[in-house]
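So the chains spell out like this:
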Amino acid sequence: MSPAESAAVFANRTAFAEPCTGTANTFPDRLAREARAALATLGWEVGGAVGPAFTRRAVVAGASSAAFYVHSHGDHYLDPQTGVRSSGFRVDGGFCTNAPKVIASQIVAQRGTAAPMTLAVVSTCHNGERASKLPAAFGIAMRKTAPGASGPRSFYLGYVGISWIRAAARFERTFWSGLREGAATGVAFEHALLAGFDPSDLSPEWWGS
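Not measured: the values here are computed from a predicted model.

1. Considerations on the sheet that holds strand E6 (residues 101-103)
Link 1 in the chain: Reading across from one edge, E4-E5-E6 is the order of the three strands in this open sheet, with antiparallel pairing throughout. The open sheet has two free edges, formed respectively by strand E4 (74-78) and E6, since each of these has just one partner strand. Across this sheet, the average inter-strand angle for adjacent strands is 45 degrees, counted without regard to direction.
Link 2 in the chain: Pairing between E4 and strand E5 (residues 85-90): five bridges, direction antiparallel. Residue pairing across strands places Leu78 opposite Arg85, the latter belonging to E5.
Link 3 in the chain: Sheet contacts for helix H4 (residues 104-111): E5 and E6; angle to E6, the most-contacted strand, approximately 65 degrees.

Below is the structure:
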């Protein structure tokens with residue numbers, strides 16, 4: 001199977017589970033199922049990991065896929081190699097806190113000269129912001145263009161500021177439903193904005209074409 005035929009789905013179960021938060025939470029598994037079902041419908045062979053098998057090594061291995069989904073905690077973390085902030089997200093690995101992080105520079109190193117990713121959905125806090133380096137790490141320019149107007153077709157979806165999991169679940173369920181039904185990514189995004197989540201709990205953003 002070539003990278004162009006594959007998709008990777010990752011979800012952090014441990015950090016959101018009852019032993020870590022005091023509240024039962026099945027959303028990570030549900031979010032991952034929605035993403036996997038939609039990506040499979042779109043024709044990709046779906047890999048990845050949910051729960052403790054979602055490790056840094058697994059993510060780096062999946063970073064060359066044509067499509068990528070991750071649900072976890074995200075932020076602009078300090079890159080120990082450069083001493084400056086680099087966007088990323090925490091892996092699961094079985095950690096409640098202080099889990100290892102995957103940052104943009106590690107994804108860039110793995111992807112090398114790979115073609116821009118077709119679809120990247122980063123379901124974390126802060127990685128839909130202009131400060132995020134993840135779109136560029138996936139080869140997706142941080143601008144909005146008509147499909148095919150500038151380079152290959154690609155789409156990056158992330159959230160600005162704090163994103164609450166219940167609102168993200170409602171938004172993403174509608175987004176993936178639109179893609180399964182044949183909508184273009186931009187159209188699915190617009191429909192998902194009408195999914196009924198509280199705007200104070202979620203601020204979605206997209207880049208690409």
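2. Side note on helix H7 (residues 185-192)
Link 1 in the chain: Residues Ala188, Phe189 and Ala192 constitute the buried set of H7. Considered in projection along H7, the buried side chains sweep an arc of 105 degrees and stay on one side of the axis.
Link 2 in the chain: Residues of H7 that are buried sit in contact with strand E8 (155-159), helix H6 (165-180) and strand E9 (204-208).

3. Topic: helix H2 (residues 27-41)
Link 1 in the chain: The terminal C-alpha atoms of H2, which comprises 15 residues, lie 21 Å apart, in line with the 21 Å expected from a rise of 1.5 Å per residue.
Link 2 in the chain: Inspection of H2 places Phe27, Pro28, Leu31, Ala32, Ala35, Ala38 and Leu39 among the buried residues, and these make up the whole buried set. Mapping the buried residues of H2 onto a view down its axis gives an arc of 135 degrees, with all of them on the same face.
Link 3 in the chain: Contact partners of the buried residues in H2: strand E1 (6-11), strand E2 (45-50), strand E3 (67-71), strand E7 (119-123) and H6.
Link 4 in the chain: Just downstream of H2, Gly43 is the residue with a positive phi angle, here 105 degrees.

So, how was this worked out
- Residues numbered from 1 in each chain as written.
- Predicted model: local features only at pLDDT ≥ 70, side-chain atom pairs only at ≥ 80, totals over all residues.
- Heavy atoms only, no water.
- Pairing = 2+ DSSP bridges.
- Helix = DSSP H or I, 4+ residues; strand = E, 2+ residues; numbered from the N terminus.
- Axes fitted to C-alpha atoms, helices over the stretch in contact; angles between N-to-C directions.
- Contact = heavy atoms within 4.5 Å.
- Buried < 20%, exposed > 50% of the residue type's maximum accessible area, 1.4 Å probe, protein only.
- Arc of directions from axis to C-beta.
- Expected span 1.5 Å × (residues − 1).

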